[in-house]
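# Structural description and commentary
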Amino acid sequence: MKKRELNISVFYVGTSLLSPLREAERAINRAYDLNLRVAAYNFGAPLAEDDWLEAVRDLSRADVVFVIHVMDGENASRLLIELENQKRQPSAVIVINCMPDLMRRTRMGRLDFAQLFGSVRARDAAERRSRGLAARVGAWMGEQARSSAKKRRSGSHTQYLKLVDRLPSLLRLVPSAGKLGDIKHYLYLFCYFLQPTPANITSMLLYALKHYVTDERLKVEIKLSQPETVPSVAIYHPDAPAMFESFAAYRKWYAHRLTKKDSKPLLPEETVGLLLMRPQIVSGAHRHYDRLIRALEAEGLSVVPVLSTLMDNREACERYFVEEEKEAKGKKQSALPRRARVSQIVSLTGFSFVGGPAMNDSEAAARYLSELNVPLRSVVSLDTQTIETWRESGTGLNPVQAGMQVAIPELDGATEPFVFGGIPRGGAEPVPLEERCERLARRLRRWNRLQRAERSEIRLASVIYCFPPNKGNLGTAAELEVFESAWEMLKRLDGEGYSVEVPGSADELRAKLLQGNSESFGAAANIAYSMSVEEYLKLCPYVEEIEKEWGAAPGEINSFGGQLLIQGAHFGNVFIGVQPSFGYEGDPMRLLMAESGAPHHGFMAFYTYLEKIFRADALLHVGTHGAMEFMPGKQVGLSSSCWPDRLTGELPNIYIYSVNNPSEGTIAKRRSYAELISYLTPPIESAGLYKDLSALKELLNAYRRTQDEDERAELYASIEQIAGGLNL
Amino acid sequence: MTGKDRDARVLALYEQVLEIEERLIPTGLHVFGRVDEERARVDMLRMVASFDRPEKGVRALTDLVAEGLGFKDYSALLRARAGDEDALREREEVDALVRRAVELFVQEGTEAAARLLETNARVSAEDTRSTFHLLERVCAELKKNQEMESLLRALRGQYIEPGPGADIVQNPLILPTGRNIHAVNPYMVPSEVATTRAEATAENLLERHLREHGRYPRAMALVLWGLDNIKTEGEGVAQALWLLGVRPLRDSLNRATEIEVIPLEELKRPRIDVVMTVSGIFRDLFGATIVLLDKAVRRVAALDEPVEMNFVRRHVLEQMSADGSFDEAAVRVFSNAPGNYGTNVNFMVMDSQWETAEALGDLFVTRKCFAYGRDSKGRAFEGREARLCMDRALSRVEATYQNIDSFEIGITDVDHYFEYLGGVSKAVEKRAQARPAIYVGDNLSRSSCVRSLEETVQLETRTKTLNPKWYEGMLKHGFRGVAEIESHVTNTFGWSATADAVDDWIYAEVAKTFVLDEAMLERLCQLNPHSARSLVGRLLEAEGRGFWKAEKEMLERLREIFSDLEDQLEGVA
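Let me begin by describing the structure that accompanies this report. (Residues numbered from 1 in each chain as written. Chains lettered and ligands numbered in written order. Predicted model: local features only at pLDDT ≥ 70, side-chain atom pairs only at ≥ 80, totals over all residues. Heavy atoms only, no water.)

## Structural notes on the pattern of salt bridges
All names here are of chain B. A full pass over the atoms with the stated rule returns 99 salt bridges over all chains. When the shortest N-O distance is used, the salt bridge between Arg137 and Glu141 registers 3.8 Å. Linking Arg137 with Glu141, this pair stays in helix α7 (residues 125–142), spanning four residues, or about one helical turn. You can call Arg137 partly exposed: its relative accessible area is 32%. The residue Arg435 makes a salt bridge to Glu454 at a minimum N-O spacing of 2.9 Å. In this pair, Arg435 is assigned in the loop between α20 (416–433) and β12 (437–442) and Glu454 in helix α21 (residues 453–465), connecting sequence segments 19 residues apart. Look at Glu454 and you get partly exposed, because its relative accessible area is 24%. Through salt bridges with shared partners, a single network forms among Glu19, Arg23, Asp413, Asp442, Arg451, Glu460 and Lys464. (Salt bridge = Lys/Arg side-chain N within 4 Å of Asp/Glu carboxyl O. Helix = DSSP H or I, 4+ residues; strand = E, 2+ residues; numbered from the N terminus. Buried < 20%, exposed > 50% of the residue type's maximum accessible area, 1.4 Å probe, protein only.)

## Quick notes on the side chain of B:Arg396
Residue and element names in this part refer to chain B. Inspection of the secondary structure assignment puts Arg396 in the loop between α19 (387–395) and β11 (399–404). Of the side chains bearing the opposite charge, Asp273 lies closest to the buried Arg396, which forms no salt bridge; the N-O distance is 4.4 Å. Of the polar contacts made by the side chain of Arg396, one reaches the side chain of Gln319; its length is 2.7 Å. Not counting chain neighbours up to four residues away, the residues in contact with Arg396 comprise Ala219, Asp273, His315, Glu318, Gln319 and Arg332. (Lys, Arg positive; Asp, Glu negative; His and termini not counted. Polar contact = N/O pair within 3.5 Å; in protein donor to acceptor, adjacent residues only side chain to side chain. Contact = heavy atoms within 4.5 Å.)

## Considerations on the sheet that holds strand β10 (residues 380–385) of chain B
Residue and element names in this part refer to chain B. A sheet is described by the order of its strands in space; here eight strands give the open sequence β10-β9-β8-β7-β4-β11-β12-β13, paired in mixed fashion. Each end of this open sheet is capped by a strand with a single partner; those strands are β10 and β13 (449–452). For this sheet, the mean angle separating the axes of adjacent strands, direction not counted, is 25 degrees. Sheet topology places strand β9 (residues 370–374) next to β10; five bridges connect them, and they run antiparallel. Within the sheet, the bridge partner assigned to Arg374 lies in β10 and is Ala380. (Pairing = 2+ DSSP bridges. Axes fitted to C-alpha atoms, helices over the stretch in contact; angles between N-to-C directions.)

## Remarks on the packing of aromatic side chains
Following the criterion strictly, the structure yields 40 aromatic pairs over all chains and no others. On the basis of an interplanar angle of 85 degrees and a centroid distance of 5.6 Å, the ring pair of B:Trp225 and B:Tyr420 is categorised as edge-to-face. Within this pair, whereas B:Trp225 is found in the loop between β4 (219–224) and α10 (226–231), its partner B:Tyr420 is found in helix α20, the two being separated by 195 residues in sequence. Overall, the relative accessible area of 8% leaves B:Trp225 in the buried class. On the accessibility criterion, B:Tyr420 (4% relative accessible area) is buried. Of the aromatic side chains, those joined through ring pairs into one cluster are A:Phe11, A:Tyr41, A:Phe43 and A:Trp52. Directly above the ring of A:Phe614 sits A:Arg459, whose terminal nitrogen or CZ lies 4.4 Å from the centroid. Positioned over the ring face of A:Trp643 is A:Arg646, at 4.5 Å from the centre of the ring. (Phe/Tyr/Trp six-rings, centres within 6.5 Å; stacked < 30°, edge-to-face > 60°. Lys NZ or Arg CZ within 6 Å of the ring centre and 35° of its normal.)

And the structure:
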C-alpha cells in the first residue's frame, strides 16, 4: 500500500529548529508509516531567487505551514503574497512570534486571529479563561515583535516562561471542541514550540497533523504526550548530567568536578560568564557552545554558562553572575557593593543585551554593565548563512548578521566580534569553528591576565603613526598632539605602578623616537630592534603568503643590511613603536592594483615583534588612525586568513580614538578587535577676521550705514580695492 | 555700474566676509586626558545653542530670539541672502543678542543670560531653560576629563561604557569622552530627520545646478561615507533616494528596508540618475543600506514613465538597447573590492607618482569599480568587478557631490575628500569628456547649504590655512603643528591635482605667509625642518605641474629657499 504523502513547510529563523525538525520527520514516518516531508527554510536573510522558487513549490504542496520568528521585511512580504496566492490553501497556517502582518495570516479552523488577541467580549467563563491566556501570550509575542518599545516590565520573560510551564495544565480545562478548540490548539502548539526539545517538536508536528489534516486514521492513532518542560533559567554545562537551577548547586558540582578531573574552582577573577540561547540548549543544537566552553577551560579559565533570558539578560546576570546580597541589617541595600561572580561576560546570543532580537535598550545595558563593571564580549554564530558562504565570502558576515549581531551589540559596549560557529552547508545544526574558538579563548585569557597581573609586570606595546612616511610626520593622528599625549600616559602609568621610564619632557620623548640611531639606518625613527630574516621566518607563520606578493624577506621597506627594522623606543615596560606604512612609496605599480593581498614584511615583522619578542600583554594604538585595521580580509567576522586577525594576534587592543570619527573607529573595533577610548576634539572658535578682512568689513558697514551717494561711491572704490587684494 | 548693482555687490561681499568670520574652526590639537582651561567656549556654545534638539526639548536660541523680536523665523532669515538688507540686519540683531546672552551665560550663569533674553527679546526664561541647561552640562563636562581614567580601566580589563561619536555641536552627548564610541544600527538609516534635511539639501543643489546650467543634471555621482552618514543618521543616503524620487519605507520592525516611489506629479521634476561611489567603510557599516539603495535604483529604472522625466530609466534603456541586460545596466552602487579600502588617489598624489591627470581618475575607477547589490533574481553580488558598468555610468555624469559634516574634518584637513570627490570628478571628466560641476554639501550650519568645490576650497583656505588664528593655534604644538600646516597645503594641492579647483592666489598667499615671511620660515624650520621642506617642495611641485602660475621672482625665491633647506637637512645627516 502506498504510504500517505503529507507535506509540512516551516519558515523559521535561527539554527535551533532544523535538527529537531529532521528528527521529528524521521520519527513520525517511522511511527505512523507515513511519507511525511518537512521542508524547512531559514528566513534569517533574504532568500535568493532559486531558493525562493523552491520554497514556493513546497508551499504549494503544503498541508500544514509553520511560520516562526520571521521578522525580516522582505521575506515576510514575499511570503504574505504567496500565502494569499495559493490556489490550494493549506489545512492550517500556524504563525508564531512573527511580525504583526504575518501573525494575522494564521489560519486554523475557525480561528480568527484578530479576535484571538483582541479584546472581544467573552460570553462565558471558559471562553473568558482561554481568551485571557491567549491575550497574555499574544501580549508577549507583541513585545517580541515591537522594535520601538522603550519601557518594558522587567521580569516579563521569567513570568512568561512560568505561564508557559502552567499552560498545559490550564489548557486541560478548555474544551477541545467547538469554537474554543482552535484557540486551545494554537496554545498547545505554542507550548510545544517554546520548549523545542526534539520530543516537543515531534509533538508539535503531530498535533497539527492530528487536528488539521483530514485523515481519520491519524486522528485516532496519533497519541500526544504533554509538553516536556525545561527550566526557564538555568546553568548549563556540557559535562554536567543536568542543568542547575541554583548557582550554589553548580558551584558545588564544579568543585566536585575539580577533585576528579583536575579542573578549577569558581574564582570570580578567572571565571567567564556565558549567555547561551535557550532554544539551542533545549533542542540539543549546542555543539558550538560546548566547544567554546571547553576551549575557555583549556586556557585555565572557569565558566558559568547560563541560559540567556533573551529579552533582558539582566535577569540571567542578576541570578547567576552576581553574588546575592548578604542580609545586612541596618545597612542600606545600595551601600553594599555588588560583587560579580564573573570577570568577563560573553554573549553567544548575537543579540542586544537588553531588548532581544527586535529592539535594543542600550542605555539600560550600559547602565547595568557599568555598575557591574564587567566587560561584555559578543560573539557570532552563523545563523543566517552557512560556514561555507562565510568562508568563501570576501565580505564575511552578510548584512543581516552584520547589522543584528554586530552593530547592535556594539551599542551596548560589546567587543571581540568573533565568529565561533555556524551551520555547515546542508547541515542541520551548528558546529564549532575550532580554530576561532581557540583563538577567542586565548584572547579572553589575555584579557584576564590584564585584569589580574601585577601592574609592574604588564608590558604595553603602544603604536604611533607616521603618515605619509617621512620624518616630519612622526606622530600623525587626527586632532591629537601625540607626543604630549604619550608623555602624559607614561607619567600616569608610572604613577599607577607600571614599570615605566619616563622621559623628562614630551620633547625628549619625541627626540628619542625621532633621532636616536635613526640616521645610521637611514630610517625615519629610532630602531629599537633588528630582526634577522631567520628569526622572522621562525616566528611568523605567514611569510610564504607575503612573499607571493612582496618577494623574499626582508624586502625593501623597513629593512637594512638584510635585517628587518622595528622602529620605536623602549620606556621600561612600555614600548612606543612606529607603525610601518602601507608600503606604496615609490611603487606606482602597487598603487595601481585593485586589490592588495598582504601587508609587507616590515609591517608583519613589526606586529610579530610586539607579540613574540617584546611579549606585550596588550596593544595600545595611539590616535586616529593607523593602517593595520585596513589590511585585506573580511569586513567583519574575520577568519584566520584575514590579515588584521593575524596582525592583532592574541593581544587585547586598546585604541585611543577621536570622538568625531565613529566610522573608521568601528572598522578598528571589528577588524582589529579594538576597544576604543574616545578623545575630545580640539577647541573650536569662530574663524574671525584677519589682516585686510577686518578693514573690509568696516568699510562695508560704513557703506551700509550711510545714505550719502558721494560717500558711498568713495567707500565703494576703497572696498573694491581691498576686496581685489583679498581675491574676493 | 548702477547704484543698485553696487549695493548688491556690497551686500554680497558682506555676506562673504560674514561667512568667513562666523565659521567655526578647530584651534590647535588635543592632549589626551587634559582639561583645556583656556578653552574658549562662547563660539562653540553659541553654535550648540543654535540647533533645535527636539528629542531633548531644546529649542535653538536663535529661533526663540527671532520669534521674540517679531521677525520671520530664523531659518528664513538665513535663507534670505542675495541682497536683502532688511533680513540681513534682522539676522545680525538676532546673532548679536544670542552672542551677548551666551557671553553672559559663561560669565554669570543661566539666570543672567535668561534675564537678558527676557528683557531684550521677550523670550520667557521658561523657554530657554532647557537650552541653557544643555550648555551647563556641556561646560561641566568640559571642566573634567576622564580619558586617562578610562584608559587605565581598559588596561585593567574593565567595562568601558559605549558612547556616540560626533563633534560637540552635532551631538553634545559625546561628552564625557573616554568612552567606547560606536556606529549606528544600519536599519535605522535614514532617519526621518535625515530625510527631511536631505530633501532641502537636494532641492537646493538641483536649484543651483538648474540656475547655472539651464537644466537638471541627468546623472550625478555621489560620494557616500560612513563618517557623515553615522552622525547625520543617513542624510547622504536620504539625498540619494530623494534625487531618485523615492522615499524610504519602514517595515513593521521600524527598519528602513523598503522604498516608496514618489509620483512624478508630486515630485515635479525628473528623477536624477545617481551613481553612488561608497567608501569601503560605508560598505562595511551599511550593508543593509546598500541593499536599499540598489533596490531603489532598480525600482526607479523599471517604472513605466517618460524617459525625459526618468533619467535612470532613460540611461538603463539606452544601455540595454546597445547591449547587456537590465542587471548590468542598472548597477549604480560601487565600492572597493571586498576587504579593500580607499582609492589610493591620495597616496598617488602625496607621493607625486602620477604623470597625466587622467591617471588619477583611472586609478579611482580601478579601485572603486566593484559593484554591490542584488541581481533581479535576488542573488547578492558582493563586490563583483564591473569596470565597464562604472565607466558607462560615470560617462553620463554631469555633477558630483559629497557632504561634509564637521568643523574639524573639512576638505583640506584630511586627504580623503580629494581622493574621493576629486577622484570621482577626475574619472568623470575623462569619461563624460567634460568636467562635471562639483558640489560640496555643508551640513555644519543651521541651514544646509551647497557650495561649489571652488568656493569651499577658498572658504577652507581663508578660515584655516591662511588664518593666523588657525596656524598659530597649530604652531603652539610645535613639531606636530608644522606637520599639520604642511598637510593642509598638500591636501589643497590635492584639489588642484584632481579637480583644478585651486586659484593661483591661494598658492601665492601660502608662499607669502609661510615661506617668504622670513621670521615665519625660521620658526617652521626650527620646529620641524622636514615638514617645512615638504611644504616648500609642494609649492614648487604645484608650479611645476602647472597648477599655479607663480610670479617669476617669487618662484626663484622659493627655489633658493628649497635648496637651502635641502642643504641644511643633508648637513644634519
